[in-house]
Amino acid sequence: MQGDAAENNLHLAITSDEDILSARTQIRAAAIRLGFPTTDMVRIVTAVSELARNILLYAGRGELSLELISENGRQGVLITAQDDGPGIPDLNKALLDGFSTSGGLGMGLPGARRLMDEFEILSEVKKGTVVRVTKWLSEGSMRLEKIHKGGSTVESGIAERALPGETATGDRYVIRNHPGGVIFAVIDGLGHGPEAARAAETAVEVLRSSPSTDIVGLVQECHDRLRRTRGVVMTLVSLNTPSSRASWIGIGNVQGMLVRASSVQNSAGRSFTLLRSGIVGQRLPTLQPSALTIERGDTFVIATDGVALDFMKEHNLGAPPQAIADRILERHGLDNDDALVLVVRYVGDA
Ligand SMILES: [Mn+2]
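Student: Describe the overall build of the protein, listing the residues and the values that go with them.
Tutor: Looking only at helices and strands, the protein features eight helices and 16 strands. A sequence separation of at least 24 residues applies to 68% of the contacts in the protein between residues at least 6 apart.

Student: Outline the sheet that holds strand β5 (residues 128-136), supporting the account with residue identities and numerical values.
Tutor: One open sheet accounts for five strands, arranged β1-β2-β3-β5-β4; its pairing is antiparallel. Pairing within the sheet leaves two strands with one partner each, and these edge strands are β1 (10-14) and β4 (118-124). Ignoring strand direction, the axes of neighbouring strands in this sheet form an average angle of 15°. Pairing of strand β2 (residues 62-71) with strand β3 (residues 74-83) involves 10 bridges; the strand directions are antiparallel. Pairing of Ile69 across the sheet is with Gly76, part of β3. Contacts from helix α3 (residues 38-59) reach β1, β2, β3 and β5, with the element oriented near 15° to β3.

Student: Before we move on, can you summarise the environment of Asp90 with the specific residues and values?
Tutor: Relative to the elements of secondary structure, Asp90 occurs in the loop between β3 and α4 (91-94). By the C-beta count within 10 Å, which is 12 here, Asp90 ends up exposed. For the pair Asp90 and Glu124, spaced 34 residues apart in the sequence, the C-alpha separation amounts to 10.0 Å.

Student: Talk me through the packing of helix α6 (residues 194-209) against helix α7 (residues 215-225); I want residue IDs and the actual numbers.
Tutor: Interaxial distance between α6 and α7 falls to 9 Å at its minimum, and their mutual angle equals 140°. On the basis of the axis angle, α6 is oblique to α7. Between α6 and α7 lies a crossing of right-handed hand. On α7, the residues touching Thr202, Ala203, Val206 and Leu207 of α6 are Leu218, Glu221, Cys222 and Arg225.

Student: Residue-level account of the sheet that holds strand β12 (residues 270-272), with values.
Tutor: Pairing between the strands of a sheet is mediated by backbone hydrogen bonds and can be parallel or antiparallel. Read across the open sheet, the five strands follow the order β6-β16-β15-β11-β12; overall the sheet is antiparallel. Of all strands in the sheet, those with a lone pairing partner are β6 (154-161) and β12, marking the two edges. Sheet twist, expressed as the mean angle between neighbouring strand axes with direction ignored, is 15°. Here five bridges tie strand β11 (residues 255-259) to strand β15 (residues 299-303), and the two strands are oriented antiparallel to one another. Paired with Met257 across the strands is Val301, a residue of β15.

Student: Lay out helix α5 (residues 108-115) in plain terms, naming residues and giving numbers.
Tutor: Within α5, the full set of buried residues consists of Gly108, Leu109, Ala112 and Leu115. One side of α5 holds all its buried residues, which, seen down the axis, span an arc of 130°. In this structure, the buried side of α5 is in contact with α3, α4, β4 and β5.

Student: Please set out the nonpolar core residue by residue, giving values where relevant.
Tutor: The biggest cluster of nonpolar side chains holds 63 residues, and the ones touching the most others in it are Ala203, Met234, Val341 and Leu342. Considering every element that reaches this core, the biggest residue donor is α6, with eight residues. Residues within four places of Ala203 in sequence aside, it is in contact with Ile187, Cys222, Leu226, Val232, Met234 and Val280. Membership of the second largest hydrophobic core comes to 29 residues, among which are Ile14, Ala23, Ala30 and Leu115.

Student: I'd like a description of the environment of Leu64, backed by residues and values.
Tutor: Along the chain, the position of Leu64 falls in strand β2. By the C-beta count within 10 Å, which is 24 here, Leu64 ends up buried. For Leu64, the residues in contact, after removing those within four places along its chain, are Leu12, Ile14, Ala23, Val48, Leu51, Ala52, Ile79 and Ala81.

Student: Give me the lowdown on unusual backbone geometry, citing residues and values where you can.
Tutor: Positive phi is not limited to glycine here, since Lys126 has a value of about 70°. One can find Lys126 in the loop between β4 and β5. On the basis of neighbour counts, which here come to 9 C-beta atoms within 10 Å, the residue Lys126 falls in the exposed class. Despite not being glycine, Ser244 has its phi angle at roughly 55°, a positive value. For Ser244, the position within the fold is in the loop between β9 (232-240) and β10 (245-251). Ser244 sits in the partly exposed class, given 16 other C-beta atoms within 10 Å.

Student: I'd like a rundown of the packing of α3 against α5, residues and numbers included.
Tutor: Packing of α3 against α5 leaves a shortest axis separation of 9 Å and a crossing angle of 155°. The angle between α3 and α5 falls in the class roughly antiparallel. Taken as a pair, α3 and α5 cross one another with a handedness that is left-handed. Residue-level inspection shows Arg43, Thr46, Ala47, Glu50, Leu51 and Asn54 of α3 in contact with α5, the latter providing Gly108, Leu109, Gly111, Ala112 and Leu115. Looking at the contact of α3 with α5 residue by residue, the classes come out as five nonpolar, four polar and two charged.

About the cut-offs
Residues numbered from 1 in each chain as written. Predicted model: local features only at pLDDT ≥ 70, side-chain atom pairs only at ≥ 80, totals over all residues. Helix = DSSP H or I, 4+ residues; strand = E, 2+ residues; numbered from the N terminus. Contact = placed C-beta atoms within 7 Å. Pairing = 2+ DSSP bridges. Axes fitted to C-alpha atoms, helices over the stretch in contact; angles between N-to-C directions. Buried ≥ 20, exposed ≤ 12 C-beta atoms within 10 Å, placed from the backbone. Parallel < 35°, antiparallel > 145°, perpendicular 65-115°, else oblique. Left-handed = near helix turned anticlockwise from the far one by under 90°. Arc of directions from axis to C-beta. Core = buried A, V, L, I, M, F, W, Y, C linked by C-beta atoms within 7 Å. Nonpolar A, V, L, I, M, F, W, Y, C, P; charged D, E, K, R; others polar.

In structure tokens form, the structure reads like this:
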């Protein structure tokens, strides 16, 4: 999580359906900005909707707030819903699934409770209700990089989620700026869960800390460091911005696609990473990168095998990188593996 804490805090009045819609939009944007993976972002927004609807239904008006919090080295969001309404006479009953005094179809309080990591409620008859819910950013889902803005060479977007039931994802990405350009990669640790996460994390460390900008050298360095792990598959791209050249290399199954600025609307004129079979840390193929010439607006989309290959047929790839990444994960993410989509657009130097 990055950025100034105060600028991310929100205080929203809830007095109408429009306010609920607006709260959803603002909290969705905040969750994305803070680095929550899509699945958690959806949970947060759904919980907020339930809390806001309760305010409107039972109290007529109230407030929602969102704050960044940190505790024991982890970070998260605390959302507080507060009203001065009639209060809830029987809290135990109100927290039972299927109970709704309004007869509505919403999931109500039990839904909000289930969707979030922490839930707290205080209610006093004739005084009002305060509900506090928290969602923590798990380490595996924390963003390593902020979306680059103004003055930089690339804009990027990232969407990811862990295999349902696993808390650690083995899919990682790296974006590293250096004086001559940008290096970025998507890495998939073999298998899933903590072992896969450890292997992928080691590759991330190498790619972030190595002074090298040569992708063959970087893959070799990862290979050496990963020998005692399960290994990873990865696709790695190096953009050399002064020369408008790029090179990329894929080892194992992480699909990379280059969408030309001139043909974002259709699938013509796309290039794909040549993937060579192998496992970094176990068995490397001959390392032969492919060279490309790039132009402003060219967009790279790289996805792990938790994303169905149909993503390569997506049209309308002129949208902002984060929107593309979210859309691809939403439409093509599979539920039998970790999934990660990295979108990087070359925007040129400011
Ligand atoms: Mn995978």
